[in-house]
Amino acid sequence: MVSVITIVRNGIGTIERTIASVLAQTYTNLEYIVIDGESSDGTIQILKRYDKLIDYWVSEADSGISDAFNKGIEASRGVYHVLLNADDWYKPNAIATLVGALRDDVLVACASAYVVDSAGSVMRRFDSIPLDLPKKMSLVHNTCLVKTSVWKEFGGYNPRKMAAMDHELMLKIFTKYGSRSFNSVNNHISYYSLGGLSDNNYLKGFGEVRDNLIANGVARPIAYFRFLVLIAKHSVARTGFYRWVRSRCMCDFRP
């Protein structure tokens, strides 16, 4: 069984699209869990409407994103789990593709996504590259099918992290078990929306990535250099320069 977990707070504009994409999956041995952080905008009414199709949902206060992630995983029954935020959505074959990438030694299966703006227009592609984890968060979070036992082994997501809790956990797995514990497939299975907490607080997120690198053995000067590179790339991607370059040379820029 695979557990798909969505956390949401005041996501009335996007949550129904997210739910629909999970319910449309071709892979059927899955459960769907939604953790709501006491929404006040009508999100709860949508969840009630899908009550019989969602395996478990709850609306209650939490202490942040990591806490909500951990609550969802703790409530799950899947051997593997994947986290799909309330403004992202899947293609119908997403879970089947990830399950097909599993082997006995694979702890994390991942794939590619399309990055979209607030209108849903595709801006660029984002390919998951596990070998780049010692540099940055190089995996598409909503495509990471994680073995739940390894999540437990590392104590879940760190509640002290506000943005880069996913990078911290993936880097710990990579450091201990190596690149063979990851399998990335070159299929675009999801849509990742800009404008979330980590995108709007990118300096905080990049700072946490820097700290994750240092905590996992990367030399401090190198970690700070990579921190500055991330900021520079992100700044360029936010300008019209990225679209101009891509339109002329059909290359891809992944911040």
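The rules behind these values
Residues numbered from 1 in each chain as written. Predicted model: local features only at pLDDT ≥ 70, side-chain atom pairs only at ≥ 80, totals over all residues. Heavy atoms only, no water. Buried < 20%, exposed > 50% of the residue type's maximum accessible area, 1.4 Å probe, protein only. Helix = DSSP H or I, 4+ residues; strand = E, 2+ residues; numbered from the N terminus. Contact = heavy atoms within 4.5 Å. Pairing = 2+ DSSP bridges. Phe/Tyr/Trp six-rings, centres within 6.5 Å; stacked < 30°, edge-to-face > 60°. Salt bridge = Lys/Arg side-chain N within 4 Å of Asp/Glu carboxyl O. Expected span 1.5 Å × (residues − 1).

Caption draft 1: Structural detail: helix α3 (residues 65-74). For α3, a buried count of 7 out of 10 residues is recorded, marking the element as mostly surrounded by other parts of the structure. Listing the buried residues of α3 in full gives S66, A68, F69, N70, K71, G72 and I73. The secondary structure elements touched by the buried residues of α3 are β1 (2-8), β2 (30-36), β4 (80-83), α5 (148-153) and α6 (165-177).

Caption draft 2: Just the pairing of strand β7 (residues 122-126), in detail. With 4 bridges joining them, strand β6 (residues 108-116) and β7 adopt antiparallel strand pairing. Counterpart to A113 in the pairing with β7 is F126. Count of turn residues in the β6/β7 antiparallel hairpin: 5 residues, of which G120 carries a positive phi of about 85 degrees.

Caption draft 3: Structural context of the packing of aromatic side chains. Under the definition given, this model contains 4 aromatic pairs. Look at F69 and Y157: their rings are 5.4 Å apart centre to centre, the planes differ by 50 degrees, and that puts the pair in the tilted class. Taken together, the residues span a long stretch of sequence, with F69 in helix α3 and Y157 in the loop between α5 and α6 at a distance of 88 residues. Centroid distance F174 to F182: 6.0 Å. Interplanar angle 55 degrees. Geometry classified as tilted.

Caption draft 4: Structural detail: the pattern of salt bridges. This model, assessed by the stated rule, comprises 11 salt bridges. Its salt-bridge partner being K71, residue D67 comes within 4.0 Å of it at the nearest N-O pair. Of this pair, D67 and K71 both sit in helix α3, 4 residues apart, roughly one helical turn. The network of salt bridges with common partners includes E60, D67 and K71.

Caption draft 5: Structural context of α6. With 13 residues, α6 extends 18 Å from end C-alpha to end C-alpha; this agrees with the ideal 18 Å at 1.5 Å per step. When α6 is considered as a whole, its buried residues turn out to be M165, D166, H167, E168, L169, M170, L171, I173 and F174. On its buried side, α6 packs onto α3, β6, β8 (145-147), α5, β9 (182-193) and α8 (202-215).

Caption draft 6: Local environment of the environment of I231. The topology assignment puts I231 in helix α9 (residues 220-237). In the structure, I231 is positioned 24 residues away from G207 in sequence and 9.7 Å away in space, judged by C-alpha atoms. Discounting residues that sit within four places of it in the chain, I231 has contacts with L203 and F206.

This is a description of form; function is not addressed.
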